[in-house]
Amino acid sequence: MAQEMVLTVIARDRPGLIKALSETIDSHAGNWIDSSMARLGGEFAGIVRIAVPDENASALEGALGALGDAGIWVTIRRGESVGVRSDEPARHISISLTGVDHPGIIHEVSAALAALEVSIDELNSRIFIGSMSGEAMFEATADIVLPADCDLAKLRSTIEGLANDLMVDVELHSLDSNDALD
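Just so it is clear, the structure is predicted and the values come from calculations on it, not from any experiment.

(A) Quick peek at the confidence of the model for the protein chain. Looking at the protein chain as a whole, its pLDDT mean stands at 90, while 91% of the residues score no less than 70. Counting contacts from residues 80-86, a segment whose pLDDT is below 50, to residues more than four positions away or on other chains yields five contacts.

(B) Quick look at empty space enclosed by the protein. Following the criterion strictly, the structure yields one cavity of 30 Å³ or more and no others. Of the volumes computed, that of the largest cavity is approximately 40 Å³. In terms of lining, the largest cavity is formed by Ile 95, Leu 97, Val 109, Ile 159, Leu 162, Ala 163, Val 168 and Val 170. Of all the secondary structure elements, the ones that give two or more residues to the lining of the largest cavity are β5 (91-100), α4 (152-166) and β8 (168-174). Of all the elements, α4 adds the most residues to the lining of the largest cavity, at three residues.

(C) Representation of the layout of surface pockets within the structure. In this structure, the largest pocket occupies an estimated 760 Å³ of space. When residues of the lining of the largest pocket are traced back to their parent elements, those giving at least two are β2 (31-40), β3 (43-53) and β6 (119-129). In terms of residue class, the lining of the largest pocket is made up of ten nonpolar, seven polar and four charged.

(D) Seen up close, the pattern of salt bridges. Applying the stated criterion to the full structure yields eight salt bridges. Residue Arg 49 pairs with Asp 34 through a salt bridge whose shortest N-O separation is 3.3 Å. Of the two residues, Arg 49 is situated in strand β3 and Asp 34 in strand β2; the sequence distance between them amounts to 15 residues. With a relative accessible area of 22%, Arg 49 lands in the partly exposed category. Using a relative accessible area of 36% as the deciding quantity, one classes Asp 34 as partly exposed. Note that Arg 78 and Glu 61 form a salt bridge whose closest N and O atoms lie 3.0 Å from each other. Within this pair, whereas Arg 78 is found in strand β4 (residues 73-78), its partner Glu 61 is found in helix α2 (residues 54-66), the two being separated by 17 residues in sequence. Assessed through its relative accessible area of 27%, Glu 61 is described here as partly exposed. Connected through shared salt-bridge partners, Glu 4, Asp 34 and Arg 49 make up one network.

Cut-offs applied
- Residues numbered from 1 in each chain as written.
- Predicted model: local features only at pLDDT ≥ 70, side-chain atom pairs only at ≥ 80, totals over all residues.
- Heavy atoms only, no water.
- pLDDT = per-residue confidence, 0-100.
- Contact = heavy atoms within 4.5 Å.
- 1 Å grid on protein atoms, 1.4 Å probe; cavity = no way out; pocket = protein on both sides within 12 Å on 5 of 7 lines; lining within 4 Å.
- Points joined across faces, edges and corners; volume = space filled by probe spheres on them.
- Helix = DSSP H or I, 4+ residues; strand = E, 2+ residues; numbered from the N terminus.
- Nonpolar A, V, L, I, M, F, W, Y, C, P; charged D, E, K, R; others polar.
- Salt bridge = Lys/Arg side-chain N within 4 Å of Asp/Glu carboxyl O.
- Buried < 20%, exposed > 50% of the residue type's maximum accessible area, 1.4 Å probe, protein only.

Here you go:
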């Protein structure tokens with residue numbers, strides 16, 4: 001039987017980080033299932049889901065902990081399920097927003113989504129300089145998962161209300177091929 005683990009990884013960015021991590025997992029017969037990793041501000045950060053044979057799980061945890069000696073810090077969660085827990089099919093939507101940067105944008109949007117019991121699957125954001133204005137602009141995209149009973153009209157009105165309050169442009173797109181948002 002295999003044990004699933006979710007790892008979070010952080011280190012100063014340098015060549016060979018993924019090699020060291022994957023080599024450690026592979027040497028314990030682990031299987032790298034999925035991951036999301038990025039370089040941010042000179043740091044490398046990531047989250048990785050793996051499966052490892054039960055008999056190798058404890059040894060792998062020790063080996064991952066030892067990577068700290070090389071400046072790679074790994075935290076481990078065993079046996080956690082990832083994603084929405086429901087027997088009913090969930091709807092997947094993408095939200096894109098752009099506007100002049102100011103504090104609180106992500107907080108306001110995430111609070112509104114949480115109030116509707118919407119889960120954020122993936123979130124990416126960046127600040128860039130506007131080509132015409134020269135101002136700091138904020139851009140974010142989020143893939144979200146709606147609970148089966150989520151009122152799409154309420155979601156849309158909530159997000160559009162936030163867009164007005166935050167002075168950002170927002171677009172919603174279905175990630176499910178047969179699901180219309182109108």
